[in-house]
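Take a look at the letters that make up each chain.
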Amino acid sequence: MTQSTVDTSRQFDLFSKRQIQGGPRFLQRLADGLEERPYELFTLKPLGPVIGAEIEGVDLREQVSPEVKAELHRALLEWKVLFFRDQDITSQQQLDFARQWGELENHPFLPKGAAAEITRFEKDANMKGQENNWHTDVSWRLEPSFGAVLRLSEVPPQGGDTLWADMGAAYDNLPEEVKERINGLTAIHDFTPTFGRNMPPELLAQKQAEFPAAEHPVVRTHPETGRKTLFVNRVFTTRIVGLNEEEGEELLQYLFRQAEIPEYQVRFNWEKNSIALWDNRSTQHYASSDYYPNRRVAERISIIGDRPY
């Protein structure tokens, strides 16, 4: 065998390990058994093939009727994140809208707005945006959020977009051998490495007792659609149960990267008074931190969810 043949074989082996392979991805927007149906009470404009749609014809200054809420909920299950523009509403109206999806959550570590249920993200030259990692909100809770309503009241001149990834599509496109490997595995989710990093030891111990690490399936089943979704994230998932540290971390890093694939994503360019409603059970999101030192102000209201299975 010549040196050239050996070098070529090594190159082929290296590229195989890098999984360099183009071509179309399998993109299924709806869960099995669901059928396409028109929306009759508002206009829906898709922003991508599997995730993200703008809603027109709904005024959130007014109480949403049960019929509109039901159709919005169907759209949320089908598109995973819904966007509303030009909604000049108050924090109270935002609370009222979010409450139509369930009991509201209080975040124990982030700054509050005008009410305990409002988390306020006020970024400027003195407070840099740090939410630019792919994550699922509060997956360290025993019952992570159902979803959230985010409103931007101040936007930077450029930048500050938020991206969402469809983790059902991410699961669908995993190789079969990976699906078999992760089937039945569970992982630990913990706030300690992030929110607990700078806490005094006594406060950290108190918060760890109040919010113990949660064990969730690596692949959860969506409680309403039955769809399997990948449920690990880079920010809060610390280890896979039953695997040694090296093996578990290698697998987690591979699974984390699935959210970064553009075909599974939608990117939203915020304007003042834009609102996003997303399903936290089937998505991850990433807030681009490319606007420093400009000002960006957002308020998020989260809805309590259920225990993943």
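The text that follows walks through the structure, step by step, so that each part is easy to find.

Quick notes on the rules
Within each chain, residue numbers correspond to sequence positions counted from 1 in written order. Residues qualify for local features only when their pLDDT is at least 70, as the model is predicted, and side-chain atom pairs are given and counted only at 80 or more; totals for whole chains, interfaces and linings, by contrast, use all residues. Think of the side-chain values as coming from all heavy atoms in the structure, minus any hydrogens and water. Strands are runs of DSSP state E lasting at least 2 residues, helices are runs of H or I lasting at least 4, and numbering of each runs from the N terminus. Remark: exposure states derive from per-residue accessible area (1.4 Å probe, protein chains only) relative to the maximum for the residue type, with buried under 20%, exposed over 50%, and partly exposed in between. The term polar contact refers here to a pair of N or O atoms within 3.5 Å; inside protein, the definition further demands a hydrogen-donor-capable atom paired with an acceptor-capable atom, and it admits residues adjacent in sequence only when both atoms are side-chain atoms. In this analysis, two residues are considered to be in contact whenever any of their non-hydrogen atoms come within 4.5 Å of each other. Strand pairing follows a simple DSSP-based rule, namely that at least 2 bridges must link the two strands. Salt bridges are defined as contacts in which a side-chain nitrogen from Lys or Arg sits within 4 Å of a carboxyl oxygen from Asp or Glu. The term nonpolar core refers to a set of buried residues drawn from Ala, Val, Leu, Ile, Met, Phe, Trp, Tyr and Cys, joined through side-chain atoms within 4.5 Å. A fitted line through C-alpha atoms represents every axis, and for helices the fit uses only the stretch in contact; the resulting angles, taken between N-to-C directions, go from 0 to 180 degrees.

**Some remarks on the side chain of H222**
Then step 1. Here H222 is to be found in the loop between strand 9 (219-221) and strand 10 (228-230).
Then step 2. A residue is classified by how much of its surface remains accessible, and H222, at 4% relative accessible area, is buried.
Then step 3. There is a polar contact of 3.5 Å between the side chain of H222 and the side chain of R281.
Then step 4. In contact with H222, other than residues within four places in its own chain, are L77, R227, D279, R281, S282 and Y309.

**Examining the environment of V297**
Then step 1. Within the secondary structure, V297 is located in strand 15 (residues 296-303).
Then step 2. Given the relative accessible area of 0%, V297 is considered buried.
Then step 3. In the structure, V297 is positioned 177 residues away from R120 in sequence and 7.4 Å away in space, judged by C-alpha atoms.
Then step 4. Among residues more than four places away in sequence, those in contact with V297 are R120, F121, E122, R151, L152, S153 and E154.

**Quick notes on the pairing of strand 2 (residues 53-56)**
Then step 1. Of the strand pairs in this sheet, strand 1 (residues 43-46) and strand 2 are connected by four bridges, and their pairing is antiparallel. Looking at the pairing, L44 lines up with I55 of strand 2.
Then step 2. Taking the residues that link successive antiparallel strands as the turn, the strand 1-strand 2 hairpin has six residues, and the phi of G52 there is positive, at about 95 degrees.
Then step 3. Across two bridges, strand 2 lies against strand 3 (residues 81-84) in parallel orientation.

**Some words on the pattern of salt bridges**
Close approach of charged atoms allows side chains of opposite charge to pair.
Then step 1. Tallying each qualifying case throughout the model produces 29 salt bridges.
Then step 2. Among the salt bridges present, the one from E117 reaches R99, with a minimum N-O distance of 3.8 Å. A residue pair is termed long-range when its members are at least 10 positions apart, and E117 in the loop between helix 3 (91-99) and strand 4 (118-123) and R99 in helix 3 qualify at 18 residues.
Then step 3. Measuring nitrogen to oxygen at the nearest pair gives 3.2 Å for the salt bridge that ties E131 to K123.
Then step 4. For E131, a relative accessible area of 24% gives the class partly exposed.
Then step 5. Residues joined in a network through salt bridges with shared partners are R120, E122, D124, R151, E154, R295 and E299.

**So, the nonpolar core**
Then step 1. In terms of nonpolar packing, the biggest core is built from 29 residues, with F42, L72, L82, F84 and F97 touching the most fellow members.
Then step 2. Listed by contribution, the elements that provide at least two residues to this core are strand 2, helix 2 (66-79), strand 3, helix 3, strand 13 (274-279) and strand 15.
Then step 3. It is helix 2 that provides the largest number of residues to this core, a total of five residues.
Then step 4. What L72 contacts, discounting residues up to four positions off in sequence, is F42, I55, V64, L82, F84, F97 and W101.
Then step 5. By size, the runner-up hydrophobic cluster in this structure holds 25 residues, among which are L163, A169, V232 and F256.

**A word on unusual backbone geometry**
Then step 1. Looking along the chain, the bond that leaves Y292 and enters P293 is cis, with omega of 5 degrees.
Then step 2. Within the secondary structure layout, P293 lies in the loop between strand 14 (283-287) and strand 15.
Then step 3. Not every positive phi belongs to a glycine, and V138 is a case in point at roughly 40 degrees.
Then step 4. Of note, V138 is situated in the loop between strand 4 and strand 5 (147-154).
Then step 5. Classification of V138 by relative accessible area gives buried; the value is 3%.
Then step 6. Even without being a glycine, N273 presents a positive backbone phi close to 70 degrees.

**Focus: the sheet that holds strand 7 (residues 186-189)**
Backbone-to-backbone hydrogen bonds join strands into a sheet, with any given pair of strands oriented parallel or antiparallel.
Then step 1. With antiparallel pairing, the three strands of this open sheet are ordered in space as 8-7-11. Looking at the sheet topology across the chains shown, the edges are occupied by strand 8 (214-217) and strand 11 (237-240). Taken over all neighbouring pairs, the strand axes of this sheet differ in orientation by 35 degrees on average, direction set aside.
Then step 2. Across three bridges, the pairing between strand 7 and strand 11 is antiparallel. Across the sheet, A187 pairs through a bridge with I240, a residue of strand 11.

**Considering the sheet that holds strand 1**
Then step 1. Taken in spatial order, the seven strands of this open sheet run 1-2-3-13-5-15-4, and their pairing is mixed. On the outer flanks of this sheet lie strand 1 and strand 4, each paired with one strand and no other. Taken over all neighbouring pairs, the strand axes of this sheet differ in orientation by 20 degrees on average, direction set aside.
Then step 2. Across the sheet, helix 2 is in contact with strand 1, strand 2, strand 3 and strand 13; its angle to strand 3 comes to roughly 125 degrees.
Then step 3. Running at roughly 30 degrees to strand 15, helix 3 makes contact with strand 3, strand 4, strand 5, strand 13 and strand 15 of the sheet.

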